[in-house]
Amino acid sequence: MRQGQISIYYGAGKGKTCVAVGRGLRAIGDDLRVVMIQFMDYHNNKEIELLKKLEPDFRIFRFEKNRVEQEIDDTVRREISGEIKNAFNFARKIVDTGECEMLLLDGVLECIEKGFLSAEQLEELLNKRPDFMDIILTGDALPPTIAERSDCIYQIKAEKQ
């Protein structure tokens, strides 16, 4: 039986999602099922449309509305919080059912950084991970407790943009 890992791609640089997607593409090449849940990333519509062509092997889900240039007041923040909660509950369902061999939680670390989720909630999810499942986390900042729980950590940083 395959042994899954928890991998993290974080940092202020661009490319975290691309690396995670590349890992997902490699996984479907190995006949593994991939689920990607995007958090806090409403602007990559062209990327999403391309990935949808890979269904059912590579499935992608987004729960947040596209809020281009919308001011984030308390009402919008509550909406975002609810959408992130729905996405995270869906991730829990995927982990509980073992529905895939690779789960990509794109931008989930940003949700912790911005206070929409707690590191404890993410730790709980990681602790329930079936042994065969890879979980890949992306975001700008890395909470120390999540770092301790991971198998592989990659910091993405721009040297020149």
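Above this text is the structure in question.
So, here is what we can say about the structure in this document. Because the structure is a prediction, the values reported are computed rather than measured.

Parameters at a glance
- Within every chain, residues take consecutive numbers counted from 1 along the sequence as written.
- Only residues with pLDDT of 70 or above have their local features reported here, since the model is predicted, and side-chain atom pairs are shown and tallied only from 80 upward, although totals for entire chains, interfaces and linings are computed over all residues.
- Hydrogens and water molecules were not included; the side-chain quantities draw on all heavy atoms of the structure.
- In this analysis, strands are considered paired if DSSP registers two or more bridges between them.
- We count a stretch as a helix when DSSP gives it H or I for four or more residues in a row; a strand needs E for two or more, and each element gets its number in order from the N terminus.
- Axis lines are fitted to C-alpha atoms, over the contacting stretch for helices. Their N-to-C directions set the angle, which ranges from 0 to 180 degrees.
- As used here, the term nonpolar core means buried Ala, Val, Leu, Ile, Met, Phe, Trp, Tyr and Cys residues forming a set that is joined through side-chain atoms within 4.5 Å.
- The buried label goes to any residue with under 20% of its type's maximum accessible area, the exposed label to any with over 50%, and the partly exposed label to all in between, with areas taken from a 1.4 Å probe on protein chains only.
- Two residues form a contact once any of their heavy atoms are found within 4.5 Å.
- Expected span of a helix: the number of residues minus one, times 1.5 Å.
- The arc in question is formed by the directions pointing from the helix axis toward the C-beta atoms.
- Two N or O atoms form a polar contact when they lie within 3.5 Å of each other; inside protein one atom must be a possible hydrogen donor and the other a possible acceptor, and for residues adjacent in sequence the pair counts only when both atoms belong to side chains.
- Working definition: a ring pair exists when centres of Phe, Tyr or Trp rings (six-membered ring for Trp) sit within 6.5 Å. Plane angles under 30 degrees give stacked, over 60 give edge-to-face, the rest tilted.
- Charge-over-ring placement is defined geometrically: NZ (Lys) or CZ (Arg) within 6 Å of the ring centre, and within 35 degrees of the ring normal.
- Between 65 and 115 degrees an angle is taken as roughly perpendicular, under 35 as roughly parallel, over 145 as roughly antiparallel, and anywhere else as oblique.
- A clockwise turn of the near helix away from the far one marks a right-handed crossing, whereas an anticlockwise turn of less than a right angle marks a left-handed crossing.
- Residue polarity follows a fixed list, in which Ala, Val, Leu, Ile, Met, Phe, Trp, Tyr, Cys and Pro are nonpolar, Asp, Glu, Lys and Arg are charged, and the others, Gly among them, are polar.

Across the sheet, six strands lie side by side as E3-E2-E4-E5-E1-E6; this open sheet has parallel pairing. The sheet is open, and its two edges are formed by strand E3 (58-62) and strand E6 (152-155), each paired on a single side. Each strand axis lies, on average, 15° off the axis of its neighbour in the sheet, ignoring direction. Pairing between strand E1 (residues 6-10) and E6: four bridges, direction parallel. Counterpart to Ser7 in the pairing with E6 is Cys152.

As a further point, take the nonpolar core. Ile37, Phe39, Leu103, Leu105, Leu109, Leu122 and Leu137 are the most contacted members of the largest nonpolar core, which has 34 residues in total. Examining the composition of this core, we find that nine residues originate from one element, helix H3 (residues 74-97), more than from any other. Residues in contact with Leu105, not counting those within four places in the same chain, are Ile37, Phe39, Ala91, Leu122, Leu125, Ile135, Ile136, Leu137 and Thr138. Judged by nonpolar contacts, the second largest core, of 16 residues, contains Ile28, Ile48, Leu51 and Ile136.

Turning next to helix H1 (residues 16-29). Along its 14 residues, H1 runs 20 Å from first to last C-alpha, staying within 8% of the 20 Å computed at 1.5 Å per residue. Of all the positions in H1, only Lys16, Thr17, Ala20, Val21, Gly24, Ala27 and Ile28 are classed as buried. All buried residues of H1 lie within an arc of 125° about the axis, which places them on one face of the element. Across from the buried face of H1, at angles greater than 90 degrees, the exposed residues are Cys18, Arg26 and Gly29. Directly beyond the C-terminal end of H1, a positive phi value near 60° is found at Asp31.

For the rest of this paragraph, the subject is the side chain of Gln38. Mapped onto the secondary structure, Gln38 falls in strand E2 (residues 34-38). For Gln38, the side chain forms a polar contact with the side chain of Arg62, separated by 3.1 Å.

Turning our attention to unusual backbone geometry. With omega at 10°, the peptide bond leading from Glu55 into Pro56 counts as cis. Within the element layout of this structure, Pro56 appears in the loop between helix H2 (45-52) and E3.

A separate point is the packing of aromatic side chains. The final tally for this structure, using the stated rule, is three aromatic pairs. When the ring of Phe63 is compared with that of Phe90, the centres are 5.6 Å apart and the planes differ by 50°; the resulting orientation is tilted. In this pair, Phe63 sits in the loop between E3 and H3 while Phe90 sits in helix H3, placing the two residues 27 residues apart along the sequence. These aromatic residues form a ring-pair network of at least three members: Phe61, Phe63 and Phe90. Over the face of the ring belonging to Phe116 we find Arg77, whose NZ or CZ atom lies 4.3 Å from the ring centre.

At a minimum axis distance of 10 Å, the contact between H3 and helix H5 (residues 119-127) shows a crossing angle of 20°. Judged on the interaxial angle alone, H5 and H3 are roughly parallel. Between H3 and H5 the crossing geometry is left-handed. Packed against H3, whose contacting residues are Phe88, Ala91, Arg92 and Val95, the element H5 presents Gln121, Leu122, Glu124 and Leu125 at the interface. Grouping the amino acids of the contact of H3 with H5 by side-chain chemistry returns five nonpolar, one polar and two charged.

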